[in-house]
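# Chains, contacts and geometry: an overview
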Amino acid sequence: MKSTWNLVGMGIWLLVLIALVWMVHDMRVRRIQLIVKEHHSFSWRNFTISTIELVAWLLVFGGMSYTTFFQNVNHLGDRVSQTTRYEPLVINTGDGNGSSYYVTVNNSKGNKPIQTYTYLTEGEKYQVSSTDATVSDGKKAINLPASAYKWDAKKVTKYDQRHQKAWVGVIETTYKKSFVNGLGLHAGRLADRFTLIRIPDHSFMLDQ
């Protein structure tokens, strides 16, 4: 659940579904009454009422669908909070062949291949996808994919100096616990995670 604010969204979605059932029932009852009392299957008054009901329901359904499924987290401003953590990488000495590396790269097959990066920190092993991660091995730690996110330039410089350009930075964006985020069932939930893997140069990356 993450936050009780999400109960607001659940309640409204329940009302939307109840309204749909009621609307279909109401349309059917009015049509039956029209046939029984007036011996007609169509009237402009009945058509107008049904149209108003349908449009009103579609507006509410569309608004809730957008709020729940189609919001761009990068455009939510103060509705989300961002946390960043930095950790030094641990070098992997491989299988005894003398090679040392910080990151292994696995390439998937298919029309749209995706890379999987595996790296080590103190006591932990991680695997991340190239869809939400990047490897930086140039002079600048923040490469083009990572520049879409907000980084603390002073911390980035400090980690480059302290850990010889061998560290990982992870940015997590979380929906704040609020009424508006609760409408979309997002309150307290993780919205986005991006990983920047910093290595001294390409020789510290192992392709598999």
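Scope of this entry: the structure provided in the associated data block. (Residues numbered from 1 in each chain as written. Predicted model: local features only at pLDDT ≥ 70, side-chain atom pairs only at ≥ 80, totals over all residues. Heavy atoms only, no water.)

### Some details on the sheet that holds strand 7 (residues 190-198)
Two pairing modes exist for strands in a sheet, parallel and antiparallel, and in both the strands are linked by backbone hydrogen bonds. Short version of the rule: Here a strand pair is declared whenever DSSP counts at least two bridges between the two strands. Working definition: helices are DSSP H or I runs of at least four residues, strands are E runs of at least two. Numbering for both runs from the N terminus. Lines fitted to C-alpha atoms define the axes, with helix axes restricted to the stretch in contact, and inter-axis angles between N-to-C directions lie between 0 and 180 degrees. Between two residues, a contact is recorded if the distance between any of their heavy atoms is within 4.5 Å.
Spatial ordering of the open sheet is given by 1-6-7-5, a layout of four strands whose pairing is mixed. Bordering the open sheet on either side are strand 1 (80-88) and strand 5 (133-136), each of which pairs with just one other strand. Looking at each pair of strands side by side, their axes are set apart by 15° on average, direction ignored. Summarising the sheet, strand 1 and strand 6 (residues 167-175) pair through nine bridges and their orientation is antiparallel. Pairing of proline 88 across the sheet is with tryptophan 167, part of strand 6. Sheet strands touched by helix 3 (residues 153-162): strand 1, strand 6 and strand 7. Its angle to strand 1, the strand with the most contacts, is close to 15°.

### Topic: the nonpolar core
Note the following rule: Definition used in this section: a nonpolar core is a set of buried Ala, Val, Leu, Ile, Met, Phe, Trp, Tyr and Cys residues joined via side-chain atoms within 4.5 Å. Categorising residues by exposure relies on relative accessible area from a 1.4 Å probe, with only protein chains included: less than 20% of the type maximum marks a residue as buried, more than 50% marks it as exposed, and the intermediate range marks it as partly exposed.
Formed by 15 residues in total, the largest nonpolar core has its most connected members in Leu89, Val103, Tyr117, Tyr119, Ile197 and Ile199. Residue assignment for this core shows that the elements contributing at least two residues are strand 2 (103-107), strand 3 (115-121), strand 5 and strand 6. If you look at the next biggest cluster of nonpolar residues, it comprises 10 residues, including Tyr86, Ala146, Val156 and Phe194.

### Thoughts on the packing of aromatic side chains
Test applied: Centres within 6.5 Å make a pair out of two Phe, Tyr or Trp rings, where for Trp the six-membered ring is used; the pair is then stacked when the planes are under 30 degrees apart, edge-to-face when over 60, and tilted otherwise.
Enumeration according to the criterion identifies 15 aromatic pairs in this entry. Judged by centre distance (6.3 Å) and plane angle (70°), the ring pair of phenylalanine 69 and phenylalanine 70 falls under edge-to-face. Note on phenylalanine 69: relative accessible area 57%, which makes it exposed. Linked through ring pairs, Trp13, Trp57, Phe61, Phe69 and Phe70 together constitute an aromatic cluster.

### Side note on a nonpolar patch on the surface
Our working definition: Each patch groups residues whose relative accessible area exceeds 30% and which form no salt bridge, using 9 Å between like charges and 5 Å between nonpolar side chains of Val, Leu, Ile, Met, Phe, Trp and Tyr. All accessible-area figures derive from a Shrake-Rupley calculation using a 1.4 Å probe, and residue coverage is judged against the displayed protein chains alone. Here a salt bridge means any side-chain nitrogen of Lys or Arg lying within 4 Å of a carboxyl oxygen belonging to Asp or Glu.
On the surface, Trp5, Phe179 and Val180 cluster together into a nonpolar patch covering about 270 Å² of accessible area. Residue position: tryptophan 5 is located in the segment before helix 1 (6-38).

### Topic: the sheet that holds strand 4 (residues 124-129)
In spatial order, the strands read 4-3-2-8; together these four strands make up an open sheet with mixed pairing. Of all strands in the sheet, those with a lone pairing partner are strand 4 and strand 8 (205-207), marking the two edges. Geometrically, the sheet is characterised by an average inter-axis angle of 25° between neighbouring strands, direction not taken into account. Sheet analysis places strand 2 next to strand 8, joined by three bridges and oriented parallel. By the bridge assignment for strand 8, valine 105 is matched with aspartate 207.

### Some points on the packing of helix 1 against helix 2 (residues 44-69)
The angle between the axes and the distance between the axes are what describe a pair of packed helices. The criterion, for reference: Orientation categories follow fixed angle ranges, with anything under 35 degrees roughly parallel, anything over 145 roughly antiparallel, 65 to 115 roughly perpendicular, and all other angles oblique. Definitions for this section: a left-handed crossing has its near helix turned counterclockwise from the far helix by less than a right angle. A right-handed crossing has that turn clockwise. All amino acids are sorted into three groups, where Ala, Val, Leu, Ile, Met, Phe, Trp, Tyr, Cys and Pro are nonpolar, Asp, Glu, Lys and Arg are charged, and the leftover types, Gly among them, are polar.
Closest axis-to-axis distance for the helix 1/helix 2 pair is 11 Å, and the angle between their directions is 165°. In this view, helix 1 runs roughly antiparallel relative to helix 2, as classed from their interaxial angle. Considering only the axes of helix 1 and helix 2, their crossing is left-handed. Taken together, the residues that form the contact of helix 1 with helix 2 break down as 16 nonpolar, five polar and four charged.

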